[in-house]
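# Close look at the chain arrangement
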Amino acid sequence: MDINLINLSSSKPTKGEISTRVLILGSGPAGLSAALYAARADLDPIVLTGMELGGQVSLTHIVENYPGFPEGVGGNELVELFQKQAERFGTKLEFDTASEVDLSKRPFKVQTFNSTYLADTLIISTGATSRRLDIPGETELTGRGVSYCATCDGWFFKDKDLIIVGGGDSALEESIFLTRYANSVTIVHRRDELRAGPFLQNRTKSNPKIDFIWNSIVTEILGEEAVESVRLQDVVTKEERIYPIDGIFIFIGHIPNTQLFKDQLDMDELGYLKVDHLMKTNVAGVFAAGEVADSHFRQVITSAGMGAAAAIQANHYLDEISSNHS
Ligand code: NAP
């Protein structure tokens with residue numbers, strides 16, 4: 001599907017509708033970098049922040065690989081700096097979330113909880129959400145010992161014994177962070193080899209508070225009022241055992257937030273938006289940036305770069321359609 005539209009903002013906003021040249025969905029590194037570039041191009045962008053200002057990075061304790069911060073920078077602090085810089089050039093942030101989109105004609109229509117937006121270009125940077133294990137006890141005990149965010153909940157586990165599920169960079173990075181509070185941290189991984197990079201692997205393996213349970217999965221989380229234990233299964237021997245624990249943190253990857261665009265934008269088999277090297281989706285005037293369109297790199301710096309590129313292309317697109325129109 002390739003929809004090419006030539007009329008610039010043909011429909012006039014009616015009462016309660018807000019018109020904008022650039023509407024950015026999401027306020028993570030991609031969204032706020034897109035906003036910075038669009039604002040500096042005098043496009044007065046509006047950012048719908050979504051539920052979490054800053055997205056996933058705002059929940060990260062420390063970011064150690066964003067250039068310019070040799071000592072690392074707090075995730076929240078980085079988001080504040082991104083926001084401040086984007087606002088300095090005229091970005092408007094709305095603490096609102098898109099609930100419906102119509103990309104069939106321009107201006108693109110975005111319905112939020114509070115308003116209706118009409119946008120000449122759209123930059124989608126809605127990010128991704130933590131993947132769940134989908135096992136018995138997980139939903140019931142979330143917030144009562146089951147967590148997906150070490151920065152948010154680590155403090156509640158002072159001197160407690162924790163299980164971490166996952167073998168990627170997130171699981172290891174957050175395990176190291178959790179040793180500040182916890183008595184012990186046991187990483188449960190479904191294979192006997194970690195996915196995480198060697199640097200984090202070395203740091204984790206040399207941490208005296210961290211242990212590993214290999215070739216194992218958690219099949220159930222048990223507890224009345226709060227987590228008391230988990231059921232572990234050895235995937236090789238199929239043996240099961242009950243393992244007493246105070247809390248379980250799950251870091252097993254993410255699911256892109258693209259449900260809103262189903263049947264309107266092309267996606268890959270995992271649900272990530274398909275974009276070309278210019279951040280274009282299959283609908284002319286709709287761009288995507290950051291983890292919503294990137295199942296591979298998912299770094300703050302790559303998301304920020306994609307956001308900047310999307311805004312540059314949105315600007316070109318607006319120039320093109322206005323010169324076609326004149
Ligand atoms: P990830 O790399 O996709 O790793 C997910 C981990 O969870 C894998 O070890 C996977 O096991 C395991 N897993 C997946 N589904 C599972 C299930 N149902 N049950 C049990 N285990 C399951 O995700 P991530 O760690 O969130 O990292 C995402 C991206 O962000 C990566 O590109 C990563 O490099 C990046 N990142 C970088 C940093 C950093 O550079 N400091 C920090 C955090 C994240 P298998 O290995 O067997 O598939």
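No experiment lies behind these values; they were computed from the predicted model shown.

### Brief notes about the site of the ligand
The immediate surroundings of the ligand are formed by 20 residues, with D169, S170, E173, R191 and R195 found nearest. Contacts to the ligand include G167, whose backbone N or O atom sits 3.0 Å from an oxygen atom. Here G168 contributes a backbone N or O atom positioned 3.3 Å from an oxygen atom of the ligand. Among the elements that line the shell around the ligand, the one with the most residues is helix α4 (residues 169-178), at three residues.

### A word on the packing of helix α1 (residues 29-40) against helix α2 (residues 75-88)
The geometry of α1 relative to α2 is characterised by a closest axis approach of 8 Å and an angle of 20° between their N-to-C directions. Accordingly, the angle class assigned to the pair α1 and α2 is roughly parallel. With respect to the hand of their crossing, α1 and α2 are arranged in left-handed fashion. Here P29, L32, A35, L36 and A39 of α1 lie close against α2, whose contacting residues are V79, F82, Q83, Q85 and A86. Broken down by class, the residue content of the contact of α1 with α2 amounts to eight nonpolar, two polar and no charged.

### Some details on α2
When the terminal C-alpha atoms of α2 are compared, their 20 Å separation across 14 residues agrees well with the 20 Å that a helix rising 1.5 Å per residue should span. Regarding α2, the residues found buried are G75, L78, V79, F82, Q83 and A86. Buried positions in α2, seen along its axis, are confined to an arc of 135° and lie on one side of it. Those residues of α2 that are exposed and angled more than 90 degrees off the buried face are E80, K84 and R88. Where the residues of α2 are buried, they touch α1, β3 (62-63), β4 (73-74), β5 (92-94) and α6 (300-325). Downstream of α2 by one or two residues, G90 has phi in the positive range, about 110°.

### Describing the side chain of T116
Residue placement: T116 occurs in strand β8 (residues 116-124). A polar contact of 2.9 Å, which involves the side chain of T116, links it to the side chain of Q111. Look past the residues within four positions of T116 in its chain and what remains in contact with it is G16, E17, I18, K109, V110 and Q111.

### Considering a positive patch on the surface
Among the surface-exposed residues, R131, R190, R191 and R195 lie close enough to one another that they form a single positively charged patch. If you trace the backbone, R190 turns up in the loop between β12 (184-188) and α5 (198-205). Its relative accessible area of 59% is what places R190 among the exposed residues.

### Focus on the state of the cysteines
One covalent bond between the sulfur atoms of two cysteine residues makes up a disulfide. In this structure the tally under the stated criterion is one disulfide. Across the disulfide, C149 is cross-linked to C152 (sulfur-sulfur distance 2.0 Å). With the S-S dihedral at roughly 75°, the linkage between C149 and C152 falls on the right-handed side. Here C149 falls in the buried class, since its relative accessible area comes to 9%.

### Here we look at the packing of α4 against α5
For the pair α4 and α5, interaxial distance at closest approach is 10 Å and the crossing angle is 35°. Regarding α4 and α5, the two cross each other, and that crossing is left-handed. When α4 is examined against α5, the residues D169, L172, E173 and I176 are found in contact with a partner set consisting of L200, Q201, R203 and T204. Considered class by class, the residues forming the contact of α4 with α5 number three nonpolar, two polar and three charged.

Reading the values: rules and limits
- Residues numbered from 1 in each chain as written.
- Predicted model: local features only at pLDDT ≥ 70, side-chain atom pairs only at ≥ 80, totals over all residues.
- Heavy atoms only, no water.
- Near = heavy atom within 4 Å.
- Polar contact = N/O pair within 3.5 Å; in protein donor to acceptor, adjacent residues only side chain to side chain.
- Helix = DSSP H or I, 4+ residues; strand = E, 2+ residues; numbered from the N terminus.
- Axes fitted to C-alpha atoms, helices over the stretch in contact; angles between N-to-C directions.
- Parallel < 35°, antiparallel > 145°, perpendicular 65-115°, else oblique.
- Left-handed = near helix turned anticlockwise from the far one by under 90°.
- Contact = heavy atoms within 4.5 Å.
- Nonpolar A, V, L, I, M, F, W, Y, C, P; charged D, E, K, R; others polar.
- Expected span 1.5 Å × (residues − 1).
- Buried < 20%, exposed > 50% of the residue type's maximum accessible area, 1.4 Å probe, protein only.
- Arc of directions from axis to C-beta.
- Patch = residues over 30% accessible without salt bridge, like charges linked within 9 Å, V, L, I, M, F, W, Y side chains within 5 Å.
- Areas by Shrake-Rupley, 256 points an atom, 1.4 Å probe, with all protein chains shown as cover.
- Salt bridge = Lys/Arg side-chain N within 4 Å of Asp/Glu carboxyl O.
- Lys, Arg positive; Asp, Glu negative; His and termini not counted.
- Charge placed at Lys NZ, Arg CZ, Asp CG, Glu CD.
- Disulfide = S-S within 2.5 Å.

The values reported here are purely geometric and, on their own, carry no functional implication.
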